[in-house]
Amino acid sequence: MTDIRPLAAGNWKMNGLRASLGELEAIASAVRAGETGRAEVLICPPATLIAAAAQAGGGMAIGGQDCHAAASGAHTGDISAQMLRDAGATYVIVGHSERRADHGESDQMVRDKAEAALRAGLTAIVCVGETRDQRESGQTLAVVGSQIAGSLPHDATAATLVVAYEPVWAIGTGLTPTAADVAEVHAFIRHELIDLMPGEGEKVRILYGGSVKPANAVELMGVENVNGALVGGASLTAKDFLGIAGVYK
Ligand code: 13P
């Protein structure tokens, strides 16, 4: 088994004002003090805070939550991967289910964004996951498989791609799949990655996301092929986030 450095990532979504940088500073100082052990730690604040977060967050990585597929141009309100990089980001989340649902993002659009991220020198975190209806009708692996086939960037490496499995029904609900269900999906994703990216697929980090909390982090992060977490609500306070990232100490 390849030794993969885990990634503890926080997605602040549309939360956070300048006053929230105190939480980010508290996370960064815990990272520097070794409280998150061997994990790489990443916070993806709203775009308005990226530059300030990159200044305040020494010792950890900062990422965006979305980017446009083009490098620049007449796209009012959008932000390019290059701009995120220029502001101090090294990662960007693409294809989060909230964007797939709220903004009608297709697999192809997500792939285009991920490829733009790679061109700009960012690592892309591509999100996949099934809805409750899809799980209940036994389509989980088919849905995740087609998202993987359709939305991963071409020519990625284990250094430039992270896959996040986020069951839509587990996001913000307090519900999580069983450890066995997580193991099944992550093993399937690993298999697909090895197939698509020979020599790299075994090293790509696969994160679990969806109601990760300090109380369930040890169990979920202990599942085979789970190489870290993508945390929403519990990443907004240093105390909760460190209760998750701290499992790697
Ligand atoms: P919650 O941790 O709030 O369920 O959100 C997960 C998520 O969507 C992270 O991207």
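Looking at an unreviewed UniProt entry, one finds the chain named Triosephosphate isomerase and attributed to Rhodoblastus acidophilus. UniProt annotates the chain under Sequence similarities (unreviewed entry) with the comment "Belongs to the triosephosphate isomerase family." What the UniProt record of the chain gives under Subunit (unreviewed entry) is the line "Homodimer."

Draft legend 1. Representation of the packing of helix α5 (residues 107–119) against helix α7 (residues 140–151). Taken N-terminus to C-terminus, the directions of α5 and α7 make an angle of 45 degrees; their axes are 8 Å apart at the nearest point. Between α5 and α7, the interaxial angle falls into the category oblique. Read as a crossing pair, α5 and α7 show a hand that is right-handed. Judged by residue contacts, D107, Q108, V110, R111 and A114 of α5 engage S146, Q147, A149, G150 and S151 from α7. Taken together, the residues of the contact of α5 with α7 break down into three nonpolar, five polar and two charged.

Draft legend 2. Local environment of the pairing of strand β2 (residues 40–44). In terms of burial, β2 is largely enclosed, as five of its five residues are buried. At this point the chain moves from strand β1 (residues 7–11), through helix α1 (residues 21–32), to the parallel β2, and the crossover so formed is right-handed. In this structure, β2 lies alongside strand β3 (residues 61–64), joined through two bridges in parallel fashion. Its bridge partner being in β3, I43 is matched across the sheet by I62. Taken together, β2, helix α2 (residues 50–56) and β3 constitute a β-α-β crossover, and its handedness is right-handed.

Draft legend 3. Summary view of the nonpolar core. The biggest cluster of nonpolar side chains holds 65 residues, and the ones touching the most others in it are I27, V163 and I189. The dominant element in this core, judged by the number of residues it contributes, is α1, at six residues. In this view, I189 contacts V128, V144, I148, V163, Y165 and I206; residues no more than four positions away in its chain are not counted. One finds C127, V162, A164 and L230 within the second-largest nonpolar core, a separate group that totals 13 residues.

Draft legend 4. Molecular detail of the sheet that holds strand β6 (residues 161–165). Reading around the barrel, the eight strands line up as β1-β2-β3-β4-β5-β6-β7-β8 and close back on themselves, with parallel pairing between neighbours. Looking at each pair of strands side by side, their axes are set apart by 25 degrees on average, direction ignored. Looking at chain direction, β1 and strand β8 (residues 228–231) are connected through four bridges and run parallel. By the bridge assignment for β8, L7 is matched with G228.

Draft legend 5. A look at the UniProt feature "active site" (unreviewed entry) in the chain. With numbering aligned to this structure, UniProt lists the feature "active site" (unreviewed entry) at H96 and E166. A maximum C-alpha distance of 8.4 Å among these annotated residues, which run over 71 residues, shows that they cluster at one spot. For the largest pocket, the lining residues drawn from the annotated set are H96. Relative to the elements of secondary structure, H96 occurs in the loop between β4 (91–94) and α4 (97–102). The residues contacting H96, other than those within four sequence positions of it, are N11, K13, C127, E166 and I171. Note that E166 resides in the loop between β6 and α8 (179–196). Those residues in contact with E166 that sit more than four places away from it in its chain are H96, C127, V128, G129, I171, G209, G210 and L230.

Draft legend 6. A look at the UniProt feature "binding site: substrate" (unreviewed entry) in the chain. The UniProt record annotates "binding site: substrate" (unreviewed entry) at N11, W12, K13, G172, S211, G232 and G233. In sequence the annotated residues extend across 223 residues, while in space they remain close, none of their C-alpha pairs exceeding 13.9 Å. Set against the largest pocket, the annotated residues named above that line it are N11 and K13. What makes W12 buried here is its relative accessible area of 2%. On the secondary structure map, K13 appears in the loop between β1 and α1.

Here is what the cut-offs are and how they apply
Residues numbered from 1 in each chain as written. Predicted model: local features only at pLDDT ≥ 70, side-chain atom pairs only at ≥ 80, totals over all residues. Heavy atoms only, no water. UniProt positions renumbered as here; feature names shortened; annotations may be inferred. Axes fitted to C-alpha atoms, helices over the stretch in contact; angles between N-to-C directions. Helix = DSSP H or I, 4+ residues; strand = E, 2+ residues; numbered from the N terminus. Parallel < 35°, antiparallel > 145°, perpendicular 65-115°, else oblique. Left-handed = near helix turned anticlockwise from the far one by under 90°. Contact = heavy atoms within 4.5 Å. Nonpolar A, V, L, I, M, F, W, Y, C, P; charged D, E, K, R; others polar. Buried < 20%, exposed > 50% of the residue type's maximum accessible area, 1.4 Å probe, protein only. Right-handed = clockwise from strand over helix to strand, strands pointing away. Pairing = 2+ DSSP bridges. Core = buried A, V, L, I, M, F, W, Y, C linked by side-chain atoms within 4.5 Å. 1 Å grid on protein atoms, 1.4 Å probe; cavity = no way out; pocket = protein on both sides within 12 Å on 5 of 7 lines; lining within 4 Å.

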